[in-house]
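Observations on the three-dimensional arrangement
Letter by letter, the chains look like this.
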Amino acid sequence: MEQETQQSREDDGCDGSASLLWAAMPGMVFQEDRQTSLHPLSLSWVLGYNSSLAVHSLMDGEDLVLLYATSHTVVIYDILKNRQHHLQGHTNVISCLCVSEDRRWVATADRGPDALIIVWDSFSGIPVHTIFESHPKDGVSAIAISHDAKYLATISAGTVQRVCVWEWTSPTEKPVCSAELRPEFGYQDYVVFNPQNPYEFVSNSKTQVIFYLWGDEGLHYGAPVLNTQTFHSVVGHFSQSVFHFNNSQALTATSSGKLVVWDTVGPSKELWARPHGMKATNLVPMQKDSLTVLQVFERSIVTGDVKGQVKFYNGQLQFLTCYSHSEVGPIQSISFSKTSPDASSNCSTSMSSQPFITRNFILSTSDATVLHVATDRTNFEKVMEETKEAVNAIACHPRQARVAVGSRCGLLRLWDYQQNKYLVSRIFTKAGIQCLSYDPEGYFLAVGCNDGSVYILDAISLLSSCNELRFSHGPVTHISFSHDSEYLATADEKYSVTLYKRVLQNGSGCWEHLAGLRSHYKPIRSILFGVQIDSNEPRLLSLGEDRQLVEYDLKSSSKDHLVVLHRDRVEQAAVPLCLAWYPQLSKESFILTANNCYKLKLYNTTTKMCRKTLLGPTYGSPLEKIQILPATNTVDPQKHYLAYITKDKVGLQILPVDGNPHKSSAFICHPDGVSDLASSFDGRYIFTAGGNDCTVMKWEVNINALDAAASLGGEGLIPFYNLLDGGREGEFFKELEDYFYYMQLRNHGVNTLETREVSTHIPLEEMPSVMRAMGFYPSEEKIEEMINEVKFSEYVDTGEQVTKINLEDFIKLYINHRPVFGLSMTEIQQAFQVLGYDNENGDKVIDRGDLLLLLQLRGEHMTEDELAQCLTTLMGRRPGGGGTEPDTYDPSGAAALTEEEIPAEITAKIFTADILSLPVAEKMNRKKEEMNL
């Protein structure tokens, strides 16, 4: 087996990996001298696991090693030595996994875009074989590995499921055989091989069991019918199926506590008669409780049920022994130790008074608990107990190596991330935890819940420091302390901000409600305390999806009266998503925001003027939350870094932000969505919470790796040239140069005969014209932001305004401000969906008069003359001829031409192609034609 795998890897040109694989030994993955990661972020530890999948025992001797899936990562966990190794390769949440009989080979599969099947060597952690397009549309719902570890059986996760058999030791990525299942068979989510025949396997859904036989003639299957009328008894839903060790029968466990016995019915019981000859021959009632797990282990049948009981039966389904415990929940999986049974010490007495010998085993339950069962002592030992519902909130202690983790089920736990162990926990039985925050001194931990309640706890014991606070109007989404721990602010789903103040009561500190205000009309994305520049007084800001940045006057606020100091609109079209105080990298102080258009913006902390717009990280989705890492570089105190999360990734950004894409790096952390982000007090670790995947991941920060990547990306304008179509030598850049220098000529006068002064700059007021010439059409507000960005770029240092711009600064300005994905026909079509109506042909159209009226009155309104001039220019017509100057036109003639050239009903295609003369519509039509072909 090892020789075959090594040969396949050598054929792929991976001699180094094959050599390491050949020399691999058990426990090799935990060797401390193995090379550390050179990535800016590397996964260090994972809390939690996917409790819907099996937990496998890799135990050998006295070791206690588990293998399980967590989000998109497989974890090998040595419990006794408290260390983890992570198998990383999937980009989607792992949907199924299995292990070989000898526990060496691990097969994993996921479900989603670019789904993978990966076979791993558990000794070395090396991915031995990867199948890239096994089930490209839907991914995999079930997987099994044959007893000889040569073949895989997979079932796709789509509505119409496909079953495939793979010889994974072969370098080919094509299945040996496959077959499509009928939808009426139900969703097949469990599959297992016959241990005595690798050419035979069985799968089941809740309502149908299917038997398969494959070989040179392809894959054949039979789906025997079983219902209530078959044995005149309730069958229940199927859970798992196995092949009996007598090699003629198969068994299926049901939710009614029964076992279905399948056997070949007909004149011959030879292998060729199966699988079509398999029929249900008996329905054996085993117990009243639902059976969730069914296995054949050595010469016994093993069941697990919803009451946490594990029962053993002989081949005739006669009871042998039972292992149970009052604290064990519904069993999800059973996995036995690799250690051979010892008759002298590891036996129990069966009903037949014969010593029954079995091995120790691992139980996993559906409520996210893993137990080790020592059969000689009937001892149940909890080895893992994780949260069973979504992890929504995490917060790091400001002075100690502790992180608080809160989940939707109300479980709050403190974890020592240096020792990798839990310290203390508390359950909130009435509500789920939505957000957490430590005060700056680390004395208090504030908990915001989904019923609107707020708890202030002692940061060490998690005991309440005061009574429950319930003044929010909905689930609490954000919570934060002021820098002096005198104020606590929360935001809730009803768009309200609530403020609490610390007061003395009976000689001790206590918290009381001060005031609240519904200050936004869309969801609040961030609340943030800061410090007044000219004093040490706290200041409070909130940012909402309504594009409003609201600052509150804490000093003037009184009981039940929260005063708003400023209300500023920070975006015109984009939606702001997060907020942070920018480090003091210059004389000017800034607030940093990120929006849904992949832009980072710097606002002056006093005037709220937008001072810079910069291209942010573009890794599939916008930044959802940002956090400045604590400064740890004593050599260069000006070096700062930003941690962020997107929809499914965690990343780092070098500050100051300038739009250079090489200064940022990101990694997939939770494919189903990240719910929260926190950084350690020393900046060495970043923690991410995965929401519905019930996990928290600890990432080790390697700043040197990020700095090295930025250096390799080039200096000066080199990284920005690559963001232009064709780069430095492309046609786009040459066209940009031409327009830039034409503006210099235009500024000096095109027809002048005087000697021209050669310059590398153009006047700032000409900058918008060049932008439009290059296909970027900013709004008037955007133009004002760009001009102010350049005009005041040196004002703090020199006291003078900049009146011109050179080519290099123009390129940076263009790249940072232009839309990341350019013009989109989809956006125009969406606008017509909102503004238009259906005409007689069923097309979405806008009435010509309505469109002209909207352009004049909504958004950045235009006068009638401005609109007429723009439309006639766009359509290449200058009515009223006779003017010698190109800009002269007759407004009345323009209005008449507008009615003549523009149809009464305008579609998105007419507006884009005929009026705006953009190529977007043509590209969209070509794509549709290609898809139809």
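Before any of the text, the structure's been laid out above.
Residues numbered from 1 in each chain as written. Predicted model: local features only at pLDDT ≥ 70, side-chain atom pairs only at ≥ 80, totals over all residues. Heavy atoms only, no water.

**Some words on the sheet that holds strand E44 (residues 538-544)**
By definition, the strands of a sheet pair up through backbone hydrogen bonds, in either a parallel or an antiparallel sense. What the four strands build is an open sheet, ordered E43-E44-E45-E46; its pairing is antiparallel. One side of each edge strand has no neighbouring strand; the edge strands of this open sheet are strand E43 (524-531) and strand E46 (561-569). Between one strand axis and the next, the sheet turns through 25 degrees on average, direction left out of account. (Pairing = 2+ DSSP bridges. Helix = DSSP H or I, 4+ residues; strand = E, 2+ residues; numbered from the N terminus. Axes fitted to C-alpha atoms, helices over the stretch in contact; angles between N-to-C directions.)

**Concerning the packing of aromatic side chains**
The full count for this structure, using the stated rule, is 35 aromatic pairs. Considering the side-chain rings of Phe 201 and Tyr 212, the 4.5 Å spacing of their centres and the 15 degrees angle between planes classify their relative orientation as stacked. Separated by eleven residues along the polypeptide, Phe 201 in strand E15 (residues 197-204) and Tyr 212 in strand E16 (residues 209-215) bring together distant segments of the chain. For the residue pair Phe 201 and Tyr 212, the accessibility class agrees, reading buried in each case. Judged by centre distance (6.1 Å) and plane angle (70 degrees), the ring pair of Phe 312 and Phe 336 falls under edge-to-face. Taken together, the positions of Phe 312 in strand E24 (residues 310-313) and Phe 336 in strand E26 (residues 331-336) put the pair 24 residues apart, joining distant regions of the chain. Of the two residues, Phe 312 and Phe 336, neither departs from the other in class, the shared state being buried. Cluster of aromatic residues (ring-pair linked, three or more members): Phe 185, Phe 193, Phe 201, Tyr 212 and Tyr 221. When the ring centre of Tyr 685 is taken as origin, the NZ or CZ atom of Lys 698, which lies over that ring, is 4.5 Å away. Against the face of Tyr 721 rests Arg 728, its NZ or CZ located 5.4 Å from the ring centre. (Phe/Tyr/Trp six-rings, centres within 6.5 Å; stacked < 30°, edge-to-face > 60°. Buried < 20%, exposed > 50% of the residue type's maximum accessible area, 1.4 Å probe, protein only. Lys NZ or Arg CZ within 6 Å of the ring centre and 35° of its normal.)

**Quick notes on helix H10 (residues 807-817)**
Judged by how many residues are buried, H10 sits mostly within the fold: eight of eleven residues are covered. All of the buried residues along H10 are Leu 807, Phe 810, Ile 811, Leu 813, Tyr 814, Ile 815, Asn 816 and His 817. Structurally, the start of H10 carries an N-cap: the backbone nitrogen of Glu 808 is 3.3 Å from a side-chain oxygen of Asn 806. (Polar contact = N/O pair within 3.5 Å; in protein donor to acceptor, adjacent residues only side chain to side chain.)

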